[in-house]
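Letter by letter, the chains look like this.
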Amino acid sequence: MFNYTNLQEVFPPGSVNPYDRRLQHEIDASRKSLDGILFIDRVLRAVGITKAKVYPPKTENALKQLHQQICDAHMSMHYKFSLLYYILLDFDQSYDHDNLSESFLEASGMPKKYQLFMKGLWYMDRQDFSKALEYIAHPSLIPDFADDIITILVRHAQGNDYTLALSYFQAVQPILQTSVALELLFNAMARTSVPEALFYSRTHPAHTRELLFRQLIDAVLDGGSGSGEELAERASELAFLPLDSTEERWFEEYLTAGDGKSHKKAKDTLLIRKIACDQFSEVANLRNGGQWSGVLEGIKGGIGGQAD
């Protein structure tokens, strides 16, 4: 019968500690890149192993100590197996085979959902985010560490492509607990799909919803790194959103009296909104300017002609 407390049954004789200088450097560099904490650090902390940087175990003695800490910890067997499995994935990578981790899974009977989650976290720590998503977004999993996963996927998005972060969110549908994760996720939504961001904002209580609505306007009008044509298109998309009466009020207040007033395209966006809503009498009161000045003059002239 498999005995996980026996070091040699987990790490068989002949298996060499993989944590040489090169791997240590890679792990430390990844930890630094991921805001100073790996997911394995989070898991260790969550199960009560709080000593700083027990991972990676840099020597044979350090590996023995970590194994003993895991065995002695007051946690379920599945969590202990999960931590040992994560370490064995490092062994497999270093020797370009997966015999040790697979043998461990077969001997321990570790449940599939724990395998999926820990392998996904292992790929997250290696910053292979696309591969990680194949595991951590599995429908059988509870979305643990969802805020941290969202935060990392957004912050490490390449070229403002938030596909991975949004795909994870849509697959898992987590309830985010931190304002940081919520703000990052919503900004990614707003820069990817303006309507989707609006509909998501409506799932929150009134105060948070208003803050997110303002953030949506900022995300669109700030523009990021898009071209002028893309920015104009997104501003038009914002102006033509199907807003309810409350959102309509927030929209006008933010662009005329709030912080949104300072945006270069605030007046133009408000103008387009007035046109979209057939509020031509109010359009006539807006000052001329921007790329829509010709349209504005035409509308003013039409209104003036009707008045005559």
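Residues numbered from 1 in each chain as written. Predicted model: local features only at pLDDT ≥ 70, side-chain atom pairs only at ≥ 80, totals over all residues. Heavy atoms only, no water.

Draft legend 1. Quick look at the overall build of the protein. Looking only at helices and strands, the protein features 18 helices and zero strands. Residues classed as buried in the protein amount to 45% of the 308 residues present. Long-range pairs, those at least 24 residues apart, make up 62% of the contacts in the protein with a sequence separation of at least 6. Only carbon and sulfur atoms are counted for the fraction: they give 50% of the accessible area of the protein, which is about 16,000 Å². (Helix = DSSP H or I, 4+ residues; strand = E, 2+ residues; numbered from the N terminus. Buried < 20%, exposed > 50% of the residue type's maximum accessible area, 1.4 Å probe, protein only. Contact = heavy atoms within 4.5 Å. Areas by Shrake-Rupley, 256 points an atom, 1.4 Å probe, with all protein chains shown as cover.)

Draft legend 2. Spatial organisation of helix 8 (residues 129-136). Within the span of helix 8, buried status applies to Phe129, Ala132, Leu133, Tyr135 and Ile136. The buried residues of helix 8 occupy an angular sector of 165° when the element is viewed end-on, so they sit on one face. Considering only its buried residues, helix 8 is in contact with helix 7 (112-125), helix 9 (146-155) and helix 10 (163-172). (Arc of directions from axis to C-beta.)

Draft legend 3. Examining the confidence of the model for the protein more closely. Of the residues in the protein, 88% reach a pLDDT of 70 or more, and the chain-wide mean stands at 88. Per-residue pLDDT stays below 50 along residues 302-308; that stretch engages in three contacts with residues further than four places along the chain or on separate chains. (pLDDT = per-residue confidence, 0-100.)

Draft legend 4. Representation of the nonpolar core within the structure. Of all hydrophobic cores here, the largest spans 93 residues; its most connected members are Phe104, Met118, Met124, Tyr168, Leu216 and Leu238. In terms of residue count, the dominant contributor to this core is helix 5 (residues 77-94) (nine residues). Excluding residues that lie within four positions of it along the chain, Leu216 makes contacts with Phe186, Ala190, Val194, Ala197, Leu198, Leu238 and Leu241. (Core = buried A, V, L, I, M, F, W, Y, C linked by side-chain atoms within 4.5 Å.)

Draft legend 5. Geometry of the side chain of Arg209. By the element assignment, Arg209 lies in helix 13 (residues 206-222). We classify Arg209 as buried; its relative accessible area is 16%. Ignoring sequence-local partners within four residues, the contact set of Arg209 consists of Ser201, Arg202, His204, Asp244, Glu247 and Trp250.

Draft legend 6. Representation of the side chain of Ser108. Looking at the secondary structure, you find Ser108 in helix 6 (residues 99-108). On the basis of relative accessible area, Ser108 is assigned to the buried category, the value being 14%. In terms of polar contacts, Ser108 uses its side chain to reach the backbone carbonyl oxygen of Phe104, at 2.8 Å. Residues contacting Ser108, with those up to four places away along its chain left out, are Phe2 and Phe81. (Polar contact = N/O pair within 3.5 Å; in protein donor to acceptor, adjacent residues only side chain to side chain.)

Draft legend 7. Quick peek at unusual backbone geometry. The omega torsion of the bond from Tyr55 to Pro56 falls at 0°, within 30 degrees of zero and hence cis. In this fold, Pro56 is placed in the loop between helix 3 (39-46) and helix 4 (60-72). In this structure, Gln127 is a non-glycine residue whose phi angle is positive, near 60°. Relative to the helices and strands, Gln127 is located in the loop between helix 7 and helix 8. With relative accessibility at 29%, the residue Gln127 sits in the partly exposed group. You will see that Phe145, though not glycine, has its phi angle at about 60°, which is positive. Exposure remark for Phe145: the relative accessible area of 23% places this residue in the partly exposed category.

Draft legend 8. Local environment of the pattern of salt bridges. For the coordinates displayed, the defined rule picks out 14 salt bridges. Where Glu210 meets Arg214, a salt bridge forms, and the shortest distance between an N and an O atom there is 2.9 Å. With Glu210 and Arg214 both in helix 13 and four residues apart, this pair spans about one turn of that helix. The salt bridge partner of Arg273 is Glu248, with a shortest N-O separation of 2.7 Å. Remark: Glu248 occurs in helix 15 (residues 245-256) and Arg273 occurs in helix 16 (residues 266-276); sequence separation between them is 25 residues. When salt bridges with common partners are traced through the structure, they connect Arg202, Arg209, Asp244 and Glu247 into a single cluster. (Salt bridge = Lys/Arg side-chain N within 4 Å of Asp/Glu carboxyl O.)

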